[in-house]
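Residue-level structure breakdown
One-letter residues, chain by chain:
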Amino acid sequence: MTGIARFACSEVPMRRTSLLALAASLLVAPALGAVAADADPPEEDGAPGQERTVRFSTFNASLNRNAAGQLFADLSTPNNQQARNVAETIQRVQPDVLLINEFDYDPAAVDLFRDNYLEVSQNGAAPATYPYAFVAPSNTGIPSGFDLNNNGTVGGGDDAFGFGAFPGQFGMVVYSKYPIDTARARTFQHFLWKDLPGAMLPDDPATAAPADWYSPEELDVVRLSSKSHWDLPIRIGKRTVHFLVAHPTPPVFDGPEDRNGTRNFDEIGFWADYVRPGRGGYIYDDAGRRGGLKPGSQFVIAGDMNSDPYDGDSVPGAAQQLLDSPRVNTTHPPTSEGGPEAAVLQGGANATHRSDPAYDTADFADNTPGNLRADYVLPSKGLRITGSGVFWPVRSDPLFRLTGNYPFVPTSDHRQVWVDVRMP
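A brief look at the structure comes next. Just so we're clear, the structure is a prediction, and the values are computed from it rather than from any experiment.

Details of empty space enclosed by the protein
The final tally for this structure, using the stated rule, is two cavities of 30 Å³ or more. Taken as a whole, the largest cavity holds about 50 Å³ of empty space. In terms of lining, the largest cavity is formed by Pro334, Tyr359, Thr361, Arg373, Asp375, Tyr376, Val377, Leu378, Val390 and Val417. No other element matches strand β9 (residues 375-379), which puts four residues into the lining of the largest cavity. For the lining of the largest cavity, the residue count by class is seven nonpolar, one polar and two charged. Here the second largest cavity is characterised by a volume of approximately 40 Å³. Every residue along the wall of the second largest cavity is listed here: Phe59, Thr89, Phe391, Leu402, Thr403, Thr411, Ser412, His414, Arg415 and Gln416. Among the residues making up the lining of the second largest cavity, the classes are represented as three nonpolar, six polar and one charged.

Details of unusual backbone geometry
The omega angle of the peptide bond from threonine 368 to proline 369 is 5°, so this bond is cis rather than trans. Mapping proline 369 onto the fold places it in the loop between α8 (338-346) and β9. The backbone phi angle of asparagine 123 is positive, close to 55°, even though this residue is not glycine. Examined against the element boundaries, asparagine 123 turns out to sit in the loop between α4 (107-118) and β3 (132-135).

Here's the deal with the pairing of strand β8 (residues 298-304)
Within β8, seven of the seven residues are buried, which leaves it mostly tucked inside the rest of the structure. Side-chain alternation along β8 places Gln298, Val300, Ala302 and Asp304 on one buried face and Phe299, Ile301 and Gly303 on a second face that is also buried. Alignment of strand β7 (residues 239-245) against β8, held across five bridges, turns out to be parallel. Counted as the bridge partner of valine 245 is alanine 302 from β8. Here five bridges tie β8 to β9, and the two strands are oriented antiparallel to one another. Each bridged residue has a counterpart across the sheet, and for alanine 302 the counterpart in β9 is valine 377.

Some thoughts on the nonpolar core
Phe191, Phe270, Trp271, Tyr274, Ile301 and Leu322 are the most contacted members of the largest nonpolar core, which totals 35 residues. Elements that contribute at least two residues to this core include exactly α6 (259-275), β8, α7 (320-323) and β9. Sorting elements by how many residues they give to this core places α6 first, with seven residues. Dropping the residues within four chain positions of it, leucine 322 is found in contact with Ile268, Trp271, Ala272, Ile301, Met305, Val328 and Leu378.

Rules used in this analysis
- Residues numbered from 1 in each chain as written.
- Predicted model: local features only at pLDDT ≥ 70, side-chain atom pairs only at ≥ 80, totals over all residues.
- Heavy atoms only, no water.
- 1 Å grid on protein atoms, 1.4 Å probe; cavity = no way out; pocket = protein on both sides within 12 Å on 5 of 7 lines; lining within 4 Å.
- Points joined across faces, edges and corners; volume = space filled by probe spheres on them.
- Helix = DSSP H or I, 4+ residues; strand = E, 2+ residues; numbered from the N terminus.
- Nonpolar A, V, L, I, M, F, W, Y, C, P; charged D, E, K, R; others polar.
- Buried < 20%, exposed > 50% of the residue type's maximum accessible area, 1.4 Å probe, protein only.
- Pairing = 2+ DSSP bridges.
- Core = buried A, V, L, I, M, F, W, Y, C linked by side-chain atoms within 4.5 Å.
- Contact = heavy atoms within 4.5 Å.

Next up, the structure:
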C-alpha cells in the first residue's frame, strides 16, 4: 500500500449521530451543583482473550474558510478538490477514531463532508464510514469586547477569545466508528486562563509589573483554550478510551509579550494536569463538573499542538509537558519517509533543526520555522502501541500528489498522523 506504513480498519455498522441535536445540547448554559468528574460508571471487562486493534488519528486538514457559510457551500457538492484530497487522505489511512482540526464550526457541514466526501470513494480508495461524530462551538472569532492585543482598538480576530474572522473559524470535529458517550463528554471552552495554577500569563515589557499584559477585567473573561478542549469517551466493546483533543494556538503572530507562545504552553499543560492523578482538582468543565480524568482511565491525547519539542517558536518545554508525562506512552512515535526527504530538498531552517525530520508532521516555510513536529497522537501507558505513522509519501510515491512539498499545498500544510493501539 503506497504511502502507508501499516493498515488496519475496524468498522462497526451503527446508526449515525444526529449532529444538529448534539450541537444544540452543547449550547445549554452550564449546570450548577456539579457532579464530581470522577463519578464515572465502572468499566466492564471484555471477554477473556478478546482483543482488537484501534487506529486513532489527528489531521489538521485546513478545511477552514474565509467567511461563515463558505465551508457549507464548498461541501454541498462532491466537487471541491481540496475536500476530495482531504477525504482521500483519510481513506488511505482509514482511522477508526479521527480528529480533524481547522474544520469551521458548522454541524451541517460535518454531515456534508461525511456524505459527499468520506463515504464516496476518492480515486479508488475505499470509502470511510463513520456512524458517529462530535462537534461543539469554538472560541475562535467570538468577540471578547476587550482590546486583547493592546493596539488601541477593540474588534477583529485578534481581540476574539480565539483568533478568527468569524465565530467558529478553525474549529474541529471528531468522527468515530465507535460510539461516543455524549452523556459523559466534557468540553472546556469557557475555562479561564487565570484559573490554571501557575499560569504563564503574558507580561507587558513596557511596565515593571509582572504578568500584566491583560488587565484584571480582561483576565476575568480571557479563556485558556483558543478553540476548545474536549474529553470524548469512546466506547470500544466493553472498554472506554477517553479521546482528549484540542488545537492550541500557534506560538507566533504576537509581540515581545509572547501572549500566543505562553497560551500555547498552558493549553498543552492543561492536558498534562488533566491526566495526572492529583493534578486536575482545579479543573472545571462547561457544565460545572470539577476534576481531572478518573485515575486508571485509558486515554489518547490528539491534536495539532503547534509545538515541536526542539525547533520552532514555542516556549521551551511546551511539548515536553506531554512527552515527559508519566501517564503518556511515547514508544513508537509516528514517522514517515517523506519528512526526511522534504527536509533535505527544502533546506533552509530544516538544515539546523534538532528534531529528527522523520517525526515532522507539518510542511512550513523553509526560511522560518521550517518543517516541524506539530501534530500528536499520544496514548496512555495502559494502551499497547502496535503501529504508527505520518502520511507523508516520498516524491516517487503516487500518493505524493496529496501532500506535495512547500509551497505546493494541494491538501494541507499538515500531515495526517495515526497510532494503532491494541485493546485488551
